[in-house]
Amino acid sequence: MQLTRHLLKGCPLFLVLFHDVLAAKNNHCPPLGPVLPAPTSPSSHPAVQSAVAALTEIIDGLNVAFNGTAVSIGVQSIHERTPLADLHYTPPILDPRGASQIDASTVYRVGSVSKVFAVLATLKTHGVRMEDPITKYLPRLRELAQQQKGAPDRITTVDWDDVTIQALASHMGGIGADLVTDLTSFPVNWTQFGLPQAREVLGCVGFNGIAPCNATEFWDNFGKRDPVFAPYSSPVYSNTAFFILSLVVESVSGVPFNDFVQKNILDVAGMPSTTYTKPDDKVGAISLDDTNWNSSLGIEDPAGGLYSNTKDLLAFGTAILTNKLLSPRQTRQWLKPITFTSSWGYTIGAPWEILRSDNVTSDQRLIDFYTKGGDLGTYHANLVLIPDYDLVISILTTGPETSSGVVQLLSSQTITTLLPAIETAGKDDARAAFAGTYVDKDTNSTFTLIVDDEGPGLNITEWTVRGTDVPSHWLNYLGAISSALPEIHVSTRLYPSGLVAGSRTAWRVAIDLGTPEEIAQADAQLFWPQASCLAWGLMDRGVYEFNALDEMVFNLDDTDSGSVAISVELVGFQVTLQKIQHSVIRKEL
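Just so we're clear, the structure is a prediction, and the values are computed from it rather than from any experiment.

Colleague: Is there a simple way to explain the overall build of the protein in this structure?
Modeller: Scanning the protein for helices and strands turns up 14 helices and 21 strands. Taken against the 2.2 N^0.38 rule, which gives 25 Å for 589 residues, the C-alpha radius of gyration of the protein at 27 Å falls within 12% of a compact globule. Projected onto its principal axes, the C-alpha coordinates of the protein cover approximately 85 × 60 × 45 Å. For the protein, buried positions account for 52% of its 589 residues. Carbon and sulfur atoms make up 54% of the accessible area of the protein, which amounts to about 26,800 Å² in all.

What follows is the structure in structure tokens.
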């Protein structure tokens, strides 16, 4: 509670009393993804510097609650060489085996963050297709059905032919969560808790001083476990799934799993301190008398066995977001959800734990946070990727006062403190690069853009082509050619599409029909939230001579202060306008 009070005092954003279900501020509906380009030098922006200072003050105050717990927090923009936040807390009490001072090089155990590496290794194994059934690569899994005491059926036996590689990577295989956590392996009299006398004892774990399980023990026992769900029914967290993925990597590549990860991921990303084997104790964050530092996890290594540090995890996240480990298309596909959960704000990828929020930035738009948490005894970690802002966050902790809940709180604190400032930096960059007035006198065309706080993206305040006010005719462009069209409020905002060719960058217009109040009234009549937010279905609808009326292509010029738009092509209207005036609107810090 002491830590909670300390963090809440530092950031009132934790005190969210009302949840706004609007699509974005003033009911604007942007497309999914970035609404402006990410800032390219955020660490130099005054708002970001102030936010980092505020976060530093909060971390420095952890001595109020942490007497034996080490904390490391790193935040990196992929556009900068050094972290914009590099914060560490060294508690008064640490185990003398380990590091005496905590910094970005100090090694922690990262638990289930390891699962990201297992999935990535599978994606990088040539010849493996995620949609294939697992039995294509491991037909021996079918033999596990023989371990059932009675006749196999759908309740007692996993249908491995229905389980795909993707299902295992995204917790959708329906298989048992674990083998190694069978209670019989722990030296406890379980009969005093209502359980019968054990007739079968697995005898292996991998932590709590109990020897780890090996592959033989998996093949001899996992068939005794019932499925939880049919594949692709409902997600259920499974550590064992990632051991099975490691077997696929080894079977197809012919290389031991750990060696494959080293060569194809760690070496490529530049992660010299990340290993599956215990490093020298002196580099480790080790809480007093901790036993988890030395634990060998055996078959659980692919699911949770890695050691790593802040430097390496920031390098890893940067390598992902800069397409250093996969092609751009593969990266975009990987950073997408596979399934929902029963929580509105939580979807599952492979193996991403994707958190969704619309209360972090001032534009109140929906943002996806690609996270992977990890817990191993006293070690608790979180890796966060924020593709919309090109950010990577690493949070590592160990000690008696930390937990997965504490790491979630620290993650929320870091995000809600820094991201509004990153948004401000991005707005200022966009204001300098794109805002202003563009004209073509020959066609009597004018196009004016501003960056404001009324909503996300760029606000189109004037859009006249050949003397015609474009927004007032948008219903006509959508095919409703009529002189009796109703008068309706039309809001036009511009968003990046992510398509770039040399000095040219494409953007798309999203149209909001109706005032914010009218949109809210319409939404209130339907049973699902944000019903009017249909940007994905309404873009690219107005087309003239095969060209979209909502497509804009900026031509950029490199300057000492960054790339600046010098013209914009209104593709569907077949006219190019030159920039004549920069926006004079400035955001006060």
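Colleague: Hey, could you run me through unusual backbone geometry in this one?
Modeller: Trans is the prevailing form of peptide bonds, just as negative phi is the prevailing case for residues other than glycine. Residue proline 351 is reached from alanine 350 by a cis peptide bond, and omega for that bond is 0°. By the secondary structure assignment, proline 351 is in the loop between β6 (346–348) and β7 (353–357). For histidine 171, which is not glycine, the phi torsion reads 65° and is therefore positive. Relative to the assigned elements, histidine 171 resides in the loop between α4 (165–169) and α5 (215–221).

Colleague: Help me understand the pattern of salt bridges in this model?
Modeller: Two side chains with opposite charge may pair up if their charged atoms get near one another. Under the criterion given, the structure shown has 19 salt bridges. Put simply, aspartate 428 and arginine 431 hold a salt bridge, and the shortest N to O gap is 2.6 Å. Taken together, the positions of aspartate 428 and arginine 431, both in helix α11 (residues 404–433) and 3 residues apart, correspond to about one turn of that helix. The buried category is assigned to arginine 431, whose relative accessible area is 5%. As a salt-bridge pair, glutamate 454 and arginine 493 come within 2.8 Å of each other at their nearest N and O atoms.

Colleague: What exactly am I supposed to notice about the nonpolar core here?
Modeller: Nonpolar side chains in soluble globular proteins tend to be buried together. Core analysis: the biggest nonpolar cluster contains 81 residues, and Ile134, Trp160 and Phe316 have the highest contact counts within it. The greatest single-element share of this core, amounting to 8 residues, is contributed by helix α6 (residues 240–253). If near-sequence neighbours (up to four positions away) are discounted, isoleucine 134 is found in contact with Leu141, Trp160, Val163, Thr164, Ile165, Leu168, Ile244 and Val248. Residues Leu55, Ile59, Leu419 and Ile422 belong to the second largest nonpolar core, which totals 33 residues.

Colleague: How should I be thinking about the layout of surface pockets in this particular structure?
Modeller: Unoccupied space between atoms shows up once a probe the size of one water molecule is rolled over them. Quantified by volume, the second largest pocket comes out at close to 1,800 Å³. Lining the second largest pocket are 45 residues, with Pro34, Pro37, Ala38, Asp390 and Gly498 positioned closest to its centre. Among the elements of the structure, α10 (328–334), β8 (367–376), α11, β15 (490–501), β16 (504–513) and β20 (562–570) are those that each provide at least two residues to the lining of the second largest pocket. Grouping the amino acids of the lining of the second largest pocket by side-chain chemistry returns 23 nonpolar, 14 polar and 8 charged.

Colleague: Can you walk me through the sheet that holds β8 in this structure?
Modeller: In a beta sheet, neighbouring strands pair by backbone hydrogen bonds and run either parallel or antiparallel. The 8 strands lie next to each other as β2-β1-β10-β9-β8-β7-β6-β5, forming an open sheet whose pairing is antiparallel. In this open sheet, the two edge strands, each paired with only one partner strand, are β2 (85–89) and β5 (339–340). Of the pairings in the sheet, the one linking β6 to β7 comprises 3 bridges and is antiparallel in character. Residue isoleucine 348 lies in a different strand from β7, and its bridge partner there is glutamate 353. The strands touched by helix α2 (residues 46–60) are β1 (70–77) and β2; relative to β2, the strand with the most contacts, the crossing angle is about 10°. Strands in contact with α11 are β1, β8, β9 (379–386) and β10 (391–398); relative to β10, the strand with the most contacts, it is inclined by about 150°.

Colleague: Sorry if this is basic, but what is going on with empty space enclosed by the protein here?
Modeller: Tallied over the entire structure, the rule returns 3 cavities of 30 Å³ or more. Here the largest cavity defines a volume of roughly 100 Å³. Looking at the largest cavity, it is lined by 16 residues, and the ones nearest its centre are Val35, Leu36, Pro37, Tyr389 and Glu423. For the second largest cavity, the full set of lining residues is Leu144, Ala145, Gln148, Thr156, Thr157, Val158, Trp160, Phe222, Gly223 and Arg225. Here the residues of the lining of the second largest cavity sort into 5 nonpolar, 4 polar and 1 charged.

Colleague: It is not clear to me how the environment of methionine 130 should be interpreted in this structure. Could you clarify?
Modeller: Position of methionine 130 among the secondary structure elements: in the loop between α3 (114–123) and α4. Taking the C-alpha atoms as reference points, methionine 130 and cysteine 204, 74 residues apart in sequence, are found 31 Å from one another. Filtering out sequence-adjacent residues up to four positions away, methionine 130 remains in contact with Thr122, Leu123, Thr164, Ile165, Gln166 and Ala169.

Colleague: Even after reading the chapter, I still don't get the state of the cysteines, so can you show me in this structure?
Modeller: Formally, a disulfide is one covalent bond, and it connects the sulfur atom of one cysteine to the sulfur atom of another. Scanning all chains against the criterion turns up 2 disulfides. What links to what in the protein: the bonded cysteines, counted in sequence order, pair as 1-4, 2-3.

Colleague: Even after reading the chapter, I still don't get α11, so can you show me in this structure?
Modeller: Side chains three or four residues apart in an α-helix point the same way, a direct result of the helix having 3.6 residues per turn. Taking 1.5 Å of rise per residue, 30 residues should cover 44 Å, and α11 covers 41 Å from first to last C-alpha, within 8% of that figure. The principal kink in α11, of about 30°, is found at leucine 418, preceding the proline proline 420 by one to four residues. In terms of residue burial, α11 counts as a mostly covered element, since 22 of its 30 residues are buried.

How each quantity is defined
- Residues numbered from 1 in each chain as written.
- Predicted model: local features only at pLDDT ≥ 70, side-chain atom pairs only at ≥ 80, totals over all residues.
- Heavy atoms only, no water.
- Helix = DSSP H or I, 4+ residues; strand = E, 2+ residues; numbered from the N terminus.
- Rg over C-alpha atoms; globule rule 2.2 N^0.38 Å.
- Buried < 20%, exposed > 50% of the residue type's maximum accessible area, 1.4 Å probe, protein only.
- Areas by Shrake-Rupley, 256 points an atom, 1.4 Å probe, with all protein chains shown as cover.
- Salt bridge = Lys/Arg side-chain N within 4 Å of Asp/Glu carboxyl O.
- Core = buried A, V, L, I, M, F, W, Y, C linked by side-chain atoms within 4.5 Å.
- Contact = heavy atoms within 4.5 Å.
- 1 Å grid on protein atoms, 1.4 Å probe; cavity = no way out; pocket = protein on both sides within 12 Å on 5 of 7 lines; lining within 4 Å.
- Points joined across faces, edges and corners; volume = space filled by probe spheres on them.
- Nonpolar A, V, L, I, M, F, W, Y, C, P; charged D, E, K, R; others polar.
- Pairing = 2+ DSSP bridges.
- Axes fitted to C-alpha atoms, helices over the stretch in contact; angles between N-to-C directions.
- Disulfide = S-S within 2.5 Å.
- Expected span 1.5 Å × (residues − 1).
- Bend = angle between axes of the 7 residues up to and from the residue.

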